[in-house]
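Letter by letter, the chains look like this.
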Amino acid sequence: MPELTFRRYDAARAKTIRDTVELIHHEAYAAAIERGDPFESGDAPMKRFDIYTGRAGFDLVVAFLDGQPVGQAWGWALGPDSAWWKGLVGDVEPGFTDEDGTRTFAFSEFMVRVRYAGRGIGHALHDELLASRKEQRATLLVRPENTTAYRRYTRWGWRKAAELRPAMPHAPLMDVLILPLPLGR
């Protein structure tokens, strides 16, 4: 039986495995890349990775199955000057966007290589990244039409809180999901 293991990387160490991050992304998003999705194609995803690794508290977890990289998830704690909430659509409860570096973990990217999907790796990877987080809550953005991911996230306890269009070229309208931390709370 293959053994699933995880390795955690801070920003500096994450930059040293950029090729692995790119490999996982290309295989996880092969269909979107083939369609020419400008948000997932070309150098756009790795440009975002390079920006994200410049964020304070960047945290990356890579899943390995028998030594092969099969998935990854990353994010960072939102600080007081975070641009994460720019692009919110509609009203949110007062104080929803107030950040101090300890309130919200931005769960930014999460992917499993297609050939390894359906084995529980994604859920294990999700839990591994979030299990050690000290923030009160986590947030992520998901495309509303991505029903597979949406159902998975809601089964794992995430709930819709708002809608947001990220301030990035070609970014689609996304649903903002929130999860209380620590896991199991």
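Preceding block: the structure.
Residues numbered from 1 in each chain as written. Predicted model: local features only at pLDDT ≥ 70, side-chain atom pairs only at ≥ 80, totals over all residues. Heavy atoms only, no water.

The next thing to look at is the overall build of the chain. The number of helices and strands found in the chain is six helices and eight strands. Along the chain, from the amino end to the carboxyl end, the secondary structure elements read β-α-α-α-α-β-β-β-β-α-β-α-β-β. Here the chain has a C-alpha radius of gyration of 16 Å; the compact-globule value for 185 residues is 16 Å, and the two agree. Each of the three principal axes of the chain carries a C-alpha extent, and together these read 50 × 35 × 35 Å. The buried share of the chain, taken over its 185 residues, is 44%. Long-range pairs, those at least 24 residues apart, make up 68% of the contacts in the chain between residues at least 6 apart in sequence. (Helix = DSSP H or I, 4+ residues; strand = E, 2+ residues; numbered from the N terminus. Rg over C-alpha atoms; globule rule 2.2 N^0.38 Å. Buried < 20%, exposed > 50% of the residue type's maximum accessible area, 1.4 Å probe, protein only. Contact = heavy atoms within 4.5 Å.)

Position of H126 relative to the elements: it lies in helix α5 (residues 121-131). Relative accessible area serves as the criterion here: at 0%, H126 is assigned to the buried category. There is a polar contact of 2.8 Å between the side chain of H126 and the side chain of D127. A polar side-chain atom of H126 sits 2.9 Å from a polar atom in the side chain of W158. (Polar contact = N/O pair within 3.5 Å; in protein donor to acceptor, adjacent residues only side chain to side chain.)

Here we have eight strands laid out as an open sheet, ordered β1-β2-β3-β5-β6-β8-β7-β4, and mixed in their pairing. The sheet is open, and its two borders are formed by β1 (4-9) and β4 (88-89), each paired with just one other strand. Lying over the sheet, α5 contacts β1, β2 (59-65), β3 (68-77), β5 (104-112), β6 (137-142) and β8 (174-180), oriented at roughly 155° with respect to β5. Packing against the sheet, helix α6 (residues 147-155) makes contact with β5, β6, β7 (159-164) and β8, and its axis sits at approximately 165° to β6. (Pairing = 2+ DSSP bridges. Axes fitted to C-alpha atoms, helices over the stretch in contact; angles between N-to-C directions.)

Counted under the stated rule, the structure contains twelve aromatic pairs. On the basis of an interplanar angle of 35° and a centroid distance of 4.9 Å, the ring pair of Y52 and W76 is categorised as tilted. With a gap of 24 residues between them, Y52 in helix α4 (residues 44-52) and W76 in strand β3 connect regions that are remote in the sequence. Classification of W76 by relative accessible area gives buried; the value is 3%. Measuring from centroid to centroid gives 6.1 Å for W76 and W84, while their planes differ by 80°, and the two rings are edge-to-face. Here W76 matches W84 in class, with each residue buried. Here the aromatic residues F107, F110, Y153, W156 and W158 are joined through ring pairs into a cluster of three or more. (Phe/Tyr/Trp six-rings, centres within 6.5 Å; stacked < 30°, edge-to-face > 60°.)

Following both chains from N to C, one finds helix α2 (residues 18-28) and α4 inclined at 135°, their axes separated by 11 Å at the closest point. Of the possible angle classes, the one that applies to α2 and α4 is oblique. Between α2 and α4 lies a crossing whose hand is right-handed. Here R18, V21, E22 and H25 of α2 come into contact with α4, specifically with P45, M46, F49 and D50. Among the residues forming the contact of α2 with α4, the class breakdown is four nonpolar, one polar and three charged. (Parallel < 35°, antiparallel > 145°, perpendicular 65-115°, else oblique. Left-handed = near helix turned anticlockwise from the far one by under 90°. Nonpolar A, V, L, I, M, F, W, Y, C, P; charged D, E, K, R; others polar.)

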